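# Summary of the model geometry
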Amino acid sequence: MSLEIHIEKKLPEFSLQVNFTSSGGPLSILGASGAGKTMLLRSIAGLERPDRGRIALNGRVLLDSAAGIDIPARERRIGLLFQDYALFPHRTAEENIAFGLRMFPHEEQRRRAASAMQQMHIAGLGHRYPRELSGGEQQRLALARALATEPEALLLDEPLSALDTHLRSRMEAQLQETFAAFPRPTLLVTHSIEEAYRLGRELLVLSRGRVAAMGAKEEIFRHPPSLEVARLTGCKNFSSARAISENSLDAADWGCRLRIAGSFDKPPAHVGIRAHHIEFVESSHADANENILPCWLARTSETPFRITLYLRLKNDPNAAEVSLLQAEVLKRDWETFRGRPFPWHVRLAPDSLLLLPE
C-alpha cells in the first residue's frame, strides 16, 4: 500500500511544492507553524485543490491535474482527524460516526459505529453529545469517526495539541495501538519533536512548503542534512565551522578547535551538538584531542526532572548569548557536580558532532 504525492499550490507566503511516497505505517510530518503541513493534508483529503500535480492511493488516482482527474473528498476513502475534531455539536456520538456512513443501510451504520467506539474505548457513550464528553473522549470519537469508513489512508492534523499532559499521554498510547492495527499509509502532522519521534516510523521535515528531509527518523536526528533540519529537530547548539585538517575543524562561535569522527564528506559550514549529548567530565581528564573544554555557568533553566545549563567556554561574563552552549542533564546528575569549583569541563564527543554543509 502506498500514497504518492506530487503537488504544487501557491500560498500567500510561499509555494507548497511536495513530492514523496508513503507506504504502510505512520509517517510523522514535522515543521514549524505555517510550514504548509495542514494545507498538505487538506490537499490529499480533497478539501483543497492544488494548482497542479498528482495524488495516487494504492494505485488509484485521486488527482491528476494534467488528465483532469479530481476525485471528490467523499470518494477518496481517506480518514481525516482535524485539529479541532470538527464534531457536529447537535448530533450524538453515534450520529457523528454514522454521518460518514450514509452510503450504508441503517443497521450497518449502527454496527460500524458500535465497532469503532469499542475500538476507541468509548463504548456506551454513543447517546452523548460532544459537549457531554471530555476532551480525550471527543478526540477518541473523532478518531472513531475517521476509522469507521475503513479508509485506505489516515491523516491526522495535530491530534494531541488540544489535550492536557495527562490526556496527551493516554492518547499517544491510543494512537500507537491504532497505528499497529492500521497497516496503511498514515500521515501525522505535528510541531512537537517528541510526538513526531515517538509516533512515527519515518519522518518528513517540511520547511516553507518544501521537503527538507525524509527517511528513517533515527537517521535524520543523527545526521540532519542541513542547519535548518537540525534546528527543526531540536538541536540548540551551533557554531560556524571551517575545516583545518581532514579530521578537525575550527568552531569560531565557540572559540575552539574540535576533532571529528572520521573525515569530512563535504566542507562544513556549521557544527552542532544536541544539548543532551554534552558530557560533564573531571578536569583531570582534560584533553584537547578529545574535545574536552573548560566552561563556566552563565545561568540555568529548570523543568520538573531536567535542568538546562547555559555555559560559557571562556570566562567572560560579557560573552554574547549566541556563543553559550546549552547542556541538558537530569536533576540527579546535576546534584553530583553543581558544587564543584569553576571551571567545569565538558566533552563534545567527536561522534556526537553534527557536521552541516552550506
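Refer to the structure printed above.
A brief report on the enclosed structure follows.

Thresholds applied
Residues numbered from 1 in each chain as written. Predicted model: local features only at pLDDT ≥ 70, side-chain atom pairs only at ≥ 80, totals over all residues. Heavy atoms only, no water. Helix = DSSP H or I, 4+ residues; strand = E, 2+ residues; numbered from the N terminus. Buried < 20%, exposed > 50% of the residue type's maximum accessible area, 1.4 Å probe, protein only. Contact = heavy atoms within 4.5 Å. Areas by Shrake-Rupley, 256 points an atom, 1.4 Å probe, with all protein chains shown as cover. Lys, Arg positive; Asp, Glu negative; His and termini not counted. Charge placed at Lys NZ, Arg CZ, Asp CG, Glu CD. Salt bridge = Lys/Arg side-chain N within 4 Å of Asp/Glu carboxyl O. Pairing = 2+ DSSP bridges. Axes fitted to C-alpha atoms, helices over the stretch in contact; angles between N-to-C directions.

In this section: the overall build of the protein chain. Within the protein chain, the regular secondary structure consists of nine helices and 21 strands. The dimensions of the protein chain, computed from C-alpha atoms along their principal axes, are 75 × 50 × 35 Å. Looking at the protein chain residue by residue over its 358 residues, the buried ones come to 47%. Across the protein chain, the fraction of contacts at a sequence separation of at least 24, relative to all contacts at a separation of at least 6, is 63%. Put simply, the protein chain shows about 17400 Å² of open surface, and 48% of that area lies on carbon and sulfur atoms. The average position of the 45 basic charges and that of the 44 acidic charges among the side chains of the protein chain differ by 3 Å.

Turning to its location among the elements, alanine 181 is positioned in the loop between helix 5 (165–180) and strand 9 (185–190). Judged by relative accessible area, alanine 181 falls into the exposed class, the value being 56%. Sequence separation of alanine 181 and alanine 153 is 28 residues, and the distance between their C-alpha atoms is 13 Å.

Counted under the stated rule, the structure contains 21 salt bridges. Between glutamate 8 and arginine 52 there is a salt bridge, with its nearest N and O atoms 3.0 Å apart. Taken as a pair, glutamate 8 in strand 1 (residues 2–10) and arginine 52 in strand 4 (residues 52–57) lie far apart in primary sequence, 44 residues in all. One salt bridge connects glutamate 94 with arginine 110, and the closest N-O pair in it is separated by 3.1 Å. Placement of glutamate 94 in helix 2 (residues 93–99) and of arginine 110 in helix 3 (residues 106–119) is noted, with a sequence separation of 16 residues between them. Each of the salt bridges in this network shares a partner with another, and the network as a whole consists of Glu108, Arg111, Arg112 and Glu150.

For the rest of this paragraph, the subject is the sheet that holds strand 14 (residues 256–259). Pairing within the open sheet is antiparallel, and its five strands lie in the order 14-13-12-15-21. The two strands at the open ends of the sheet, each matched to only one other strand, are strand 14 and strand 21 (354–357). If you compare each strand with its neighbour and ignore which way they point, the axes differ by 40° on average. Relative to strand 13 (residues 248–251), strand 12 (residues 237–245) runs antiparallel, the two being bridged by four bridges. Paired with alanine 243 across the strands is leucine 249, a residue of strand 13.

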